[in-house]
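Spelled out, the chains give:
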Amino acid sequence: MEKKQTDKKMVVGMIILLAVLVVIGGSFWSVVGSQAQKVKEEEARAEETALTAIYIETGELLKRQVFVDMENGTVFTADIPSDGIYNKKGKLIPDDVLEDGDMVKIYGDGIMTRSLPGKYTNVTKMQRVGRAALEEAQKYREKVEDIIGK
């Protein structure tokens, strides 16, 4: 009789332990899922505020490096993040440099100074997305030269 009662207690204990493990596992996956959702939302917000710009080098003796927002034509400067530039596939290339006519996506807080040209102050990520056609690059170069000179 005592063995049956011990077996019953053991079965009940195992069921309770299993239920506790299921609750803990469910809570863990719920937290992981909500964190993944937050990351996706942050990435979507960053994508919404990202600028697509063309990189232009101008100047004969002293090279000046500027960007032109391809949506509204704003000419501005921006520091390339210290960790480097991402390529089209999203891979970080630490020692990469931009070339005249590169199209880039610039991520940051969206704050730009009111100087001429403006300065994008808090760039968090820069990704090369392509190259502008020669005619398109020339059009932006002329815009830069009209605004800030040669």
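Residues numbered from 1 in each chain as written. Predicted model: local features only at pLDDT ≥ 70, side-chain atom pairs only at ≥ 80, totals over all residues. Heavy atoms only, no water.

A.B. asks: Before we go on, may I ask you to explain the environment of K63 in this structure?
C.D. replies: As for its placement among the helices and strands, K63 is situated in the loop between strand 1 (51–58) and strand 2 (64–69). Linking K63 and K119, residues 56 residues apart in sequence, is a C-alpha distance of 17 Å. (Helix = DSSP H or I, 4+ residues; strand = E, 2+ residues; numbered from the N terminus.)

A.B. asks: Which parts of the structure should I look at to understand a nonpolar patch on the surface?
C.D. replies: On the surface, M10, V12, M14, I16, L17, V20, L21 and I24 cluster together into a nonpolar patch covering about 790 Å² of accessible area. The topology assignment puts M10 in helix 1 (residues 2–49). When its relative accessible area of 57% is taken as the criterion, M10 is described as exposed. (Patch = residues over 30% accessible without salt bridge, like charges linked within 9 Å, V, L, I, M, F, W, Y side chains within 5 Å. Areas by Shrake-Rupley, 256 points an atom, 1.4 Å probe, with all protein chains shown as cover. Salt bridge = Lys/Arg side-chain N within 4 Å of Asp/Glu carboxyl O. Buried < 20%, exposed > 50% of the residue type's maximum accessible area, 1.4 Å probe, protein only.)

A.B. asks: Where do I start with the packing of aromatic side chains in this structure?
C.D. replies: Any pair of aromatic rings gets described here by the distance separating the centres and the angle formed by the planes. Within this structure, the stated rule accounts for four aromatic pairs. Ring geometry for F67 versus F76: centroids 5.7 Å apart, planes at 20 degrees, classification stacked. Among the aromatic side chains, those forming a connected cluster through ring pairs are Y55, F67, F76 and Y120. A cation over an aromatic ring shows up here: K125 above the ring of Y86, its NZ or CZ 4.8 Å from the ring centre. Looking at K125, its charged tip hangs above the ring of Y107, at a distance of 5.1 Å from the centre. (Phe/Tyr/Trp six-rings, centres within 6.5 Å; stacked < 30°, edge-to-face > 60°. Lys NZ or Arg CZ within 6 Å of the ring centre and 35° of its normal.)

A.B. asks: Please explain the pattern of salt bridges as it appears in this structure.
C.D. replies: Two side chains bearing opposite charge may form a pair once their charged atoms approach each other closely. Counted under the stated rule, the structure contains four salt bridges. D100 serves as the salt-bridge partner of R141, at 1.9 Å between the closest nitrogen and oxygen. In this pair, R141 is assigned in helix 2 (residues 134–148) and D100 in the loop between strand 5 (92–93) and strand 6 (102–108), connecting sequence segments 41 residues apart. Owing to a relative accessible area of 16%, R141 belongs among the buried residues under this scheme. Of the charged contacts in the structure, one is a salt bridge between R131 and D102, with a shortest N-O distance of 2.7 Å. Here the residue R131 occupies a position in strand 8 (residues 123–131), and D102 occupies one in strand 6, the gap between them amounting to 29 residues. For R131, a relative accessible area of 48% translates into the label partly exposed.

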